[in-house]
Amino acid sequence: MFATMRSDKMQALHFFADEATGLEAIIAIHNTRLGPALGGCRYQPYAGLDEAVADAMRLAKGMSYKAALAGLEQGGGKAVILRKPHLENRAALFEAFGRCIASLRGGYITAVDSGTSSEDMDCIAQETGFVTSTTKAGDPSPHTALGVLAGIRAAARARLKQDDLQGVRIMLQGLGNVGYSLAELLVSEGADLMVADIDPGKVRLAVDELGVHPIALGAIYEAPCDIFAPCGLGGILNAATIAQLRCAAVAGAANNQLASDDAADLLDSRGILYTPDYVINAGGLLYVALTHRGVAPGEIAGRISQIGQRLDSIFDQSLAEGRSPGEIADRQAEAILYG
Ligand code: NAD
């Protein structure tokens, strides 16, 4: 365990148990050089403690990189609560977790993640102020979509030599909280939008409300377009899907889009520009972090739009050095975190 912590440069791991509620939780703090660690709280079943610890550490490290490149004075952390088959009182569980966070005295700030909701964050807020994305703070997804829009514009500048999105053909995969907001923004920018979702109801709504073109699930990757925007699940870019792509760039909200390390090289070898996911999807993090600090909404929107400039610099450096944008992004983040 200590060897893994050292190799990942993990600052601290905290373990919590609460007899009364059955709570078992881990908080991983990766790096606090820039400020207190911020990152979501997952509530899901794990095969065992090792799997839960590995998940917390992997995600906490990702948050450090994301916060660093978003220009936030915030470190990276993540919490996982181990989900059991039976739970008596969900509110009491999250209140107990709130006391765990309080015991760290501001070293970790939590947020919504897989398996948790804004209502759970409200329970945590009964016990500590170090919590974001409560029902009062609102849904970060539309802000993530705003950042993705700025990133898609950057990809269009880099690959299509076009400053606006008028007539740009975009294939959007996933019309969820982020994807639907993004679809609205893209249509208002004049993009030629194709959409697909495993939920036919969401596709129907987008076709009726926004006038977009529906694409069959089996044709998502091979649909000819300028930009492919993955906004569903992660891990979708693998050898088989990359071989089907007929686009100039990939730029979307989904986390961990590359199924394996060699996926970035495969995209490169096909001449497809890859927009590093943790850079383009940082709008939601910017929103929760800056809202928690009491920053005004107008200033937050300005900070989110800077995602575009960050990507311009990553793409320029990638071109100049002949290295993938993902590698350049990691290097820029590491220079901020460890330089
Ligand atoms: P969501 O669950 O609301 O939406 C996901 C959508 O994708 C759903 O409509 C689902 O039906 C669809 N989908 C899933 N698999 C699909 C497939 N194979 N083909 C087509 N559609 C598919 O999630 P969300 O909050 O919109 O987040 C979308 C992605 O962005 C996730 O990967 C998430 O981790 C990432 N992300 C979200 C935020 C945020 O603020 N919500 C922030 C950063 C990153």
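- Labelled according to an unreviewed UniProt entry, the protein chain appears under the name Glu/Leu/Phe/Val dehydrogenase, originating from Halopseudomonas xinjiangensis.
- If you open the UniProt record of the protein chain and go to Function (unreviewed entry), you find "Catalyzes the reversible oxidative deamination of glutamate to alpha-ketoglutarate and ammonia."

1. What to know about the state of the cysteines
Inference 1: Summed over the entire model, instances satisfying the criterion amount to zero disulfides.
Inference 2: Just so you know, Cys-123 is unpaired, no disulfide at all, and the nearest cysteine sulfur is the one on Cys-41, 12 Å from it.
Inference 3: Cys-231 takes part in no disulfide bond, and the closest cysteine sulfur, belonging to Cys-225, lies 12 Å away.

2. Some thoughts on the packing of aromatic side chains
Each aromatic ring pair is summarised here by two numbers: the centre-to-centre distance and the angle between the ring planes.
Inference 1: What the rule picks out here adds up to three aromatic pairs.
Inference 2: Judged by centre distance (5.6 Å) and plane angle (80°), the ring pair of Tyr-43 and Phe-94 falls under edge-to-face. Residue Tyr-43 is found in strand 3 (residues 37–44), and its partner Phe-94 is found in helix 3 (residues 90–103); the two are separated by 51 residues along the sequence.
Inference 3: Above the face of the Tyr-338 ring, Lys-9 is positioned so that its terminal group lies 5.0 Å from the ring centre.

Rules and cut-offs
- Residues numbered from 1 in each chain as written.
- Predicted model: local features only at pLDDT ≥ 70, side-chain atom pairs only at ≥ 80, totals over all residues.
- Heavy atoms only, no water.
- UniProt positions renumbered as here; feature names shortened; annotations may be inferred.
- Disulfide = S-S within 2.5 Å.
- Phe/Tyr/Trp six-rings, centres within 6.5 Å; stacked < 30°, edge-to-face > 60°.
- Helix = DSSP H or I, 4+ residues; strand = E, 2+ residues; numbered from the N terminus.
- Lys NZ or Arg CZ within 6 Å of the ring centre and 35° of its normal.

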